[in-house]
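# Close look at the chain arrangement
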Amino acid sequence: MNIVVLDGFTLNPGDLSWQGFEQLAQCVVYDHTEQHDVVARANKADIVLTNKTVLSAHTLKQLPDVKYIGVLATGTNVVDVEYAKQHGIVVTNIPAYGPDAVAQMVFAHILSHTQQVALHDSAVKQGHWSEQRDFCFTLAPLMSLKGKTIGLIGYGDIAQHVAKIALSFGMNVLVHTPTPKTELAQGVSWCTLTDLLPQSHFVSLHCPLTPATEQLIDQPLLAQLPKNTLIINTARGGLVNEQALADWLNAGKGFAAVDVLSTEPPSPNNPLLSAKNITITPHIAWATKEARQNLMNIAVDNCQQFIVGKPVNRV
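Notes on the structure follow. Quantities reported herein were computed from a predicted structural model and do not represent experimental measurements. What you see as residue numbers is a count from 1 along each chain, following the sequence as written. Local features are withheld for residues below a pLDDT of 70 in this predicted model, meaning they are given only at 70 or higher, and side-chain atom pairs are given and counted only at 80 or more; totals for whole chains, interfaces and linings count all residues. Computation of side-chain values covers all heavy atoms of the structure but excludes hydrogens and water.

### A few points about the overall build of the protein
- Comment: elements are numbered from the N terminus, with helices defined as DSSP H or I runs of at least four residues and strands as E runs of at least two. A tally of helices and strands in the protein yields 11 helices and 12 strands.
- With the C-alpha coordinates aligned to their principal axes, the bounding extent of the protein is approximately 70 × 50 × 35 Å.
- Burial here depends on accessible area, computed with a 1.4 Å probe over protein chains only, as a share of the maximum for the residue type. Under 20% is buried, over 50% is exposed, and the range in between is partly exposed. Across the 315 residues that make up the protein, the buried fraction comes to 45%.
- The contact definition used throughout considers only heavy atoms, calling two residues in contact when any of these lie within 4.5 Å. For the protein, contacts bridging at least 24 residues in sequence account for 59% of all contacts bridging at least 6.
- Per-residue accessibility takes into account occlusion by the displayed protein chains alone, with areas from the Shrake-Rupley method and a 1.4 Å probe. Accessible surface computed for the protein: about 16000 Å², of which carbon and sulfur atoms make up 52%.

### Things to note about a nonpolar patch on the surface
- A residue counts toward a patch only above 30% relative accessible area and without a salt bridge, and it is joined to like-charged neighbours within 9 Å or, for Val, Leu, Ile, Met, Phe, Trp and Tyr, to nonpolar neighbours within 5 Å. Salt bridges, as used here, are contacts in which a Lys or Arg side-chain nitrogen is within 4 Å of a carboxyl oxygen on Asp or Glu. Together, Met1, Ile307 and Val308 give the surface a local cluster of nonpolar side chains, amounting to about 260 Å² of exposed area.
- Looking at where Met1 falls in the secondary structure, it is placed in the segment before strand S1 (2-5).

### Focus on unusual backbone geometry
- Residue Pro265 is bonded to the preceding Glu264 through a cis peptide linkage, with omega at -5°.
- Among the secondary structure elements, Pro265 is positioned in the loop between strand S11 (254-258) and strand S12 (278-280).
- Positioned with a positive phi, Gln116 is a non-glycine residue whose angle comes to about 50°.
- Along the chain, Gln116 turns up in the loop between helix H5 (99-115) and helix H6 (117-125).
- Here Asn313, not a glycine, exhibits a phi torsion of approximately 50°, which is positive.
- Tracing the backbone through its elements, the reader meets Asn313 in the segment after helix H11 (289-307).

### Digging into the nonpolar core
- Among buried residues, the Ala, Val, Leu, Ile, Met, Phe, Trp, Tyr and Cys ones that are joined through side-chain atoms within 4.5 Å form a nonpolar core. Among the nonpolar cores identified, the biggest contains 29 residues, and Ile217, Leu222, Leu245 and Leu249 are the most heavily contacted of them.
- Of all the elements in the fold, those that place two or more residues in this core are helix H8 (193-199), strand S9 (202-205), helix H9 (219-222), helix H10 (242-250) and S11.
- Here this core gets five residues from one element, more than from any other, and that element is H10.
- In contact with Leu245, not counting residues within four places along its chain, are Leu222, Ile231, Val240, Ala256 and Leu272.
- If you look at the next biggest cluster of nonpolar residues, it comprises 25 residues, including Ile94, Ala101, Ile298 and Ala299.

### Some words on H5
- For a helix, the expected span equals 1.5 Å multiplied by the number of residues minus one. With 17 residues, H5 should reach 24 Å at 1.5 Å per residue; the first-to-last C-alpha distance of 24 Å fits that figure.
- Three or more residues of H5 are buried, namely Pro99, Ala101, Val102, Ala103, Met105, Val106, Phe107, His109, Ile110, His113 and Thr114.
- Count one or two residues on from H5 and you reach Gln116, which has phi positive near 50°.

### Regarding the sheet that holds strand S7 (residues 172-176)
- Strand order in this open sheet of seven strands is S8-S7-S6-S9-S10-S11-S12, and the pairing throughout is parallel. Each having just a single partner strand, strand S8 (188-190) and S12 make up the two edges of the open sheet. Adjacent strand axes in the sheet meet at a mean angle of 15° when their direction is disregarded.
- Think of it this way: DSSP has to see at least two bridges between two strands before they count as a pair. Taken together, the five bridges between strand S10 (residues 229-233) and S11 define a ladder with parallel strand orientation. The residue bridging Thr229 from the neighbouring strand is Gly254, located in S11.
- Across the sheet, H5 touches strand S6 (149-153), S9, S10, S11 and S12, and the angle it forms with S10 is around 155°.
- The axes are straight lines fitted to the C-alpha atoms, using for helices just the contacting stretch, and the angles between their N-to-C directions are given from 0 to 180°. Along the sheet face, helix H7 (residues 157-168) touches S6, S7 and S8 and points at about 175° away from the line of S6.

### Side note on the pattern of salt bridges
- The final tally for this structure, using the stated rule, is three salt bridges.
- Here Lys125 ties to Asp121 by a salt bridge, and the two come within 3.0 Å at their closest N and O atoms. Placement of the pair is Lys125 and Asp121 together in helix H6, with a separation of four residues, close to one helical turn.
- Residue Lys125 is classed as exposed on the basis of its relative accessible area of 67%.
- The class of Asp121 is partly exposed, set by a relative accessible area of 35%.

Have a look at this one:
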């Protein structure tokens, strides 16, 4: 067996080890692979691992030896899964490798917004505290989370972690999913989207990107939110109509904190990059070292189980 990793840098920029794969078979790791190099690099591989490098039907037709594709992520849109299925190529993904890490980022953004740590840190270092008559000063309103309501759109592993953290802060938690949920923790309630929006101080997105949810956050939905609601998106950029959100932000109607955009890296003219009242992080919620190590461990196990004829996490 020959293993080729097409784009290993994001998962392992140097602080993890590929030893698990190297113990299974001969393994070659490329940090990045341009699309025109995929066939040349993978043409003798039995096993191909990819994160964001696209493996289309056109590409796979030129790789007749490939028997297994391991996606180093949860989403599998970079692989033509239907072609793989028709030609007996096993495709696996990595489910639920770091829900705690993403939930942590949700609250990093929430606390950044409510406590204005960066704003005040910058002011202190510019000498503004030294100039004050009183022992403290504030540049923006600060907010306690206790008693506030967070609305979660979607309720998978990540959202459930977010709910637990929210409850520990004394928050109220509303959940919306396509079908009602009845067995929920104390303090967590299911409701319709129409009921969730006007009650929420914070709205956090945790639903998959599907035709039904694409650009879910649009002008009509935004119009239902109370003034100064914070929208958090650590799910998929395509859930948001970015121009509608930018218009809402620039009108001073609310705030946003996002870890994902519709195109990554973003175009310089993405309207959110120049919008007011938004914090943007570069798709790093998943990327704690611990979460990446867990992803690596699951990927190795996926590969090992395929080699022994018992594939797991198959899509």
